[in-house]
Amino acid sequence: MSLAKYALFLFLLALPISVGAQDASLLVLNEFQLAQSYTCGRTCGKVRSCKEAVYQWCVCGYTRADGDNDGVPCEKHCGQSSRSSLERVKSYKKEFGCR
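Here the structure is a predicted model, which is why all the values come from computation and not from measurement.

Draft legend 1. Layout of the side chain of Asp66. If you trace the backbone, Asp66 turns up in the loop between helix H3 (50-59) and helix H4 (75-78). In this structure Asp66 is buried but unpaired, with Lys93 as the nearest side chain of opposite charge at 7.9 Å. Within the structure, Asp66 has its side chain in polar contact with the backbone nitrogen of Gly71 (distance 2.9 Å). Look past the residues within four positions of Asp66 in its chain and what remains in contact with it is Trp57, Gly71, Val72, Pro73 and Glu75.

Listed below in structure tokens is the structure:
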């Protein structure tokens, strides 16, 4: 999780609990928990999902995950370089705060 997201998480926890603040706090908490559920150091053969493959690739810097440089890591989990695969990977990258 990026430092900015963590700071936002802490800020939202300090807000008075109203319906909107509670919803926002839960959203940030879910992102924090998601980021904490993955650890760096896994290879394509060890990840369990496309989302985890993208985490290894863009957060951990596992560049070999996209060996053919098509923008899709770990094709076994994320599929071949198709429009839908690229969009899914792009969505996960955005979720993790990667470019």
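Draft legend 2. Spatial organisation of unusual backbone geometry. With a phi angle near 55°, Asn69 is a residue other than glycine that sits in the positive phi range. Among the structural elements, Asn69 can be located in the loop between H3 and H4. The backbone phi angle of Cys74 is positive, close to 45°, even though this residue is not glycine. With respect to the helices and strands, the residue Cys74 is situated in the loop between H3 and H4.

Reading guide: rules and limits
Throughout this description, residue numbers start from 1 for each chain and increase along the sequence as written. Reporting of local features is limited, given that this is a predicted model, to residues whose pLDDT is at least 70; pairs of side-chain atoms are given and counted only at 80 or more, and all residues count toward the totals for whole chains, interfaces and linings. Side-chain descriptors were evaluated using all non-hydrogen atoms of the structure, hydrogens and water having been removed beforehand. Helix and strand assignments come from DSSP, with helices taken as H or I runs of at least 4 residues and strands as E runs of at least 2, each series counted from the N terminus. Partly exposed describes any residue whose relative accessible area lies between the buried limit of under 20% and the exposed limit of over 50%, with all areas from a 1.4 Å probe on protein chains only and scaled to the type maximum. Charged residues are defined here as Lys and Arg on the positive side and Asp and Glu on the negative side; His and the ends of the chain fall outside this count. By salt bridge we mean one thing: a side-chain nitrogen of Lys or Arg within 4 Å of a carboxyl oxygen of Asp or Glu. Here a polar contact is recorded for every N or O atom pair within 3.5 Å, except that within protein the pair must consist of a potential hydrogen donor and a potential acceptor, and residues adjacent in sequence are included only if both atoms are side-chain atoms. The contact criterion used is simple: two residues touch if any of their non-hydrogen atoms lie within 4.5 Å.

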